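Residues per chain, in single letters:
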Amino acid sequence: MPAAPTPDMQPSSPPVERTPAYDRYGPDMPRSPVVISVPHAGRNYTPTLLANARCGVAGLRRLEDRYADLLAHRLIALGYSVMIARTPRAVIDLNRDEREIDPAMVRGLPRNQPLMTSAKMRGGLGLVPRRLQGIGDLWTLPVDWGELSGRIAFLHRPYHEALAGMMRRARDAHGHAILLDIHSMPPLTAGVRPPGIVLGDRFGRSASTRLVALAADLCEGHGMASAQNHPYPGNYLLERHGRPESGFHALQVEVDRSLYLDTALDRPGHGLARMQGVMVELAEALGIELPGAFAQAAE
């Protein structure tokens with residue numbers, strides 16, 4: 001098989017806002033109720049970070065949603081409002097509550113610092129990942145509290161505040177907002193027809209069931225099996241930004257990496273263009289779904 005064409009690693013349009021935490025694309029007033037977030041695609045590994053890593057950059061990259069930002073490039077070209085994280089998940093996980101801190105890996109943690117436990121944190125994947133299956137502990141030394149509090153203040157909070165602002169502007173302009181939170185997953189193997197897409201809505205708490213059903217139908221139309229909430233129901237991003245009763249819907253989309261990466265699941269592959277098209281179709285379909293439902297109900 002010939003090699004896959006090398007895609008542009010940067011979108012065709014420059015970001016309208018660049019911060020240490022994220023690149024933001026699209027107009028200040030979203031063109032659609034759909035806004036897009038890609039929180040686990042950051043690849044900026046600094047020498048200071050790597051100096052404290054037991055596993056080297058190859059191990060830290062296992063935390064990434066490998067090249068998931070490329071799935072949003074066509075959406076950016078079409079003028080959608082998109083946020084792409086610049087900071088690697090190894091530095092701070094934007095899909096965790098800022099209180100999900102493993103105290104064993106923080107030096108100088110204040111006694112009165114609010115903490116929150118979770119199954120993910122206990123498994124080593126808290127606000128700052130501590131360990132990873134197959135690798136073990138990721139760091140040679142704990143993180144100083146001053147360093148971690150800076151990551152929270154200058155990376156985690158700005159990302160969520162900017163995303164919340166995008167959602168508010170989308171709702172003000174269109175009557176409701178829909179967050180499409182793009183992630184990627186290793187290929188699933190269980191079952192006769194393993195899903196290529198997992199749709200998460202926190203078991204109905206973060207988005208209208210109409211949106212999830214529509215997304216599932218669209219995936220099936222492209223010949224891809226989909227699952228809902230198993231094994232990925234969504235986490236902090238959906239919990240924080242999905243409030244359907246207030247007009248804010250949030251849907252997580254986990255894409256099988258083999259659908260857009262090469263056979264080693266390391267570099268963009270032949271399926272990338274197809275999956276970029278699927279993301280556009282999904283955003284376009286979701287963007288017109290709820291207004292039609294409201295109009296029909298009013299008749």
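Treat the numbers as computed from the prediction; the structure is a model and nothing was measured.

> Before we go on, may I ask you to explain the packing of aromatic side chains in this structure?
Two measures describe an aromatic ring pair: the distance that separates the ring centres and the angle between the ring planes. Taken as a whole, this structure holds one aromatic pair when the rule is applied. Seen in terms of ring centroids, Tyr 22 and Tyr 159 are 6.2 Å apart; in terms of plane orientation they differ by 80 degrees. Their pairing is edge-to-face. Here Tyr 22 is found in strand β2 (residues 22–25), whereas its partner Tyr 159 is found in helix α5 (residues 145–174), with 137 residues between them in sequence. Of the two residues examined, Tyr 22 and Tyr 159, each falls in the buried class. Its end group placed over the ring of Tyr 80, Arg 31 keeps NZ or CZ at 4.5 Å from the ring centre.

> Teacher, can you tell me more about the sheet that holds strand β12 (residues 248–256) here?
Backbone hydrogen bonds are what pair the strands of a sheet, in a parallel or an antiparallel way. Taken together, the eight strands give an open sheet; going across it, the order is β1-β2-β4-β3-β9-β12-β10-β11, and neighbouring strands pair in mixed fashion. Only two strands of the sheet have a single neighbouring strand rather than two, namely β1 (17–18) and β11 (226–228). Docked against the sheet, α5 engages β2, β3 (34–38), β4 (81–85), β9 (177–185) and β12, running at close to 170 degrees with respect to β4.

> I would appreciate a short explanation of the pattern of salt bridges in the present structure.
It is possible for side chains of opposite charge to pair when their charged atoms get near one another. The final tally for this structure, using the stated rule, is 18 salt bridges. Residues Arg 89 and Asp 93 are paired through a salt bridge, measuring 2.9 Å at the closest nitrogen-oxygen approach. Judged on exposure class, the residue Arg 89 and its partner Asp 93 are both buried. Taken together, the shared-partner salt bridges in this structure form one network comprising Glu 17, Arg 24 and Asp 28.

> I keep staring at the nonpolar core and nothing clicks. Help me out?
In a soluble, globular protein the nonpolar side chains are often hidden away together inside. Of all hydrophobic cores here, the largest spans 43 residues; its most connected members are Ile 36 and Met 275. Of all the elements in the fold, those that place two or more residues in this core are β3, α3 (73–77), β4, β9, β10 (197–200), α6 (209–221), β12 and α8 (272–298). Sort the elements by how many residues they give to this core and α8 lands first, with ten residues.

> Looking at this structure, how should I read the side chain of Arg 89?
Tracing the backbone through its elements, the reader meets Arg 89 in the loop between β4 and β5 (106–107). Of note is the side chain of Arg 89, whose polar atom sits 3.2 Å from the backbone oxygen of Leu 63.

> Even after reading the chapter, I still don't get α5, so can you show me in this structure?
Given 3.6 residues per helical turn, the α-helix brings residues three or four places apart onto the same face. Between the first and last C-alpha of α5 there are 42 Å, a value that for 30 residues agrees with the 44 Å anticipated at 1.5 Å per step. The axis of α5 is deflected most strongly, by about 35 degrees, at Ile 152. At the C-terminal side of α5, Gly 175 shows a positive phi close to 90 degrees.

> Can you help me understand the environment of Val 278 in this one?
Tracing the sequence through the fold places Val 278 in helix α8. Judged by relative accessible area, Val 278 falls into the buried class, the value being 1%. Residues Val 278 and Leu 71 lie 207 residues apart in sequence; the distance between their C-alpha atoms is 9.0 Å. Those residues in contact with Val 278, other than ones at most four positions away along the chain, are Leu 218, His 222 and Met 224.

> Honestly, unusual backbone geometry in this entry has me stumped. Any pointers?
Trans peptide bonds make up most of the peptide bonds, and negative phi angles are found at most residues other than glycine. Cis geometry marks the peptide bond from His 230 to Pro 231; its omega dihedral reads 5 degrees. Tracing the sequence through the fold places Pro 231 in the loop between β11 and α7 (236–241). A positive phi angle is found at Leu 265, which is not glycine, with a value near 55 degrees. Within the secondary structure layout, Leu 265 lies in the loop between β12 and α8.

> Mind showing me how you'd approach α6 here?
The terminal C-alpha atoms of α6, which comprises 13 residues, lie 18 Å apart, in line with the 18 Å expected from a rise of 1.5 Å per residue. Buried residues of α6: Leu 211, Val 212, Ala 215, Ala 216, Leu 218 and Cys 219, and no others. Around the axis of α6, the buried residues are gathered within 160 degrees of arc, so they sit on the same side. Of the exposed residues in α6, the ones pointing more than 90 degrees away from its buried face are Thr 209, Asp 217 and Gly 221. After α6 finishes, the residue Gly 223 shows a positive phi value of roughly 75 degrees.

> Can you walk me through the confidence of the model for the protein in this structure?
Any segment with low pLDDT has predicted coordinates that should not be analysed in fine detail. Averaged over all residues, the pLDDT of the protein equals 93, while 94% of them reach at least 70. Under a pLDDT of 50 for its full length, residues 292–299 has, in the predicted model, two contacts with residues more than four places off or in other chains.

> When you look at the environment of Arg 169 in this model, what are you seeing that I'm missing?
Structurally, Arg 169 can be placed in helix α5. Overall, Arg 169 belongs to the partly exposed group, its relative accessible area being 27%. Between the alpha carbons of Arg 169 and Arg 96 there is a distance of 24 Å; along the sequence they are 73 residues apart.

Quick notes on the rules
Residues numbered from 1 in each chain as written. Predicted model: local features only at pLDDT ≥ 70, side-chain atom pairs only at ≥ 80, totals over all residues. Heavy atoms only, no water. Phe/Tyr/Trp six-rings, centres within 6.5 Å; stacked < 30°, edge-to-face > 60°. Helix = DSSP H or I, 4+ residues; strand = E, 2+ residues; numbered from the N terminus. Buried < 20%, exposed > 50% of the residue type's maximum accessible area, 1.4 Å probe, protein only. Lys NZ or Arg CZ within 6 Å of the ring centre and 35° of its normal. Pairing = 2+ DSSP bridges. Contact = heavy atoms within 4.5 Å. Axes fitted to C-alpha atoms, helices over the stretch in contact; angles between N-to-C directions. Salt bridge = Lys/Arg side-chain N within 4 Å of Asp/Glu carboxyl O. Core = buried A, V, L, I, M, F, W, Y, C linked by side-chain atoms within 4.5 Å. Polar contact = N/O pair within 3.5 Å; in protein donor to acceptor, adjacent residues only side chain to side chain. Expected span 1.5 Å × (residues − 1). Bend = angle between axes of the 7 residues up to and from the residue. Arc of directions from axis to C-beta. pLDDT = per-residue confidence, 0-100.

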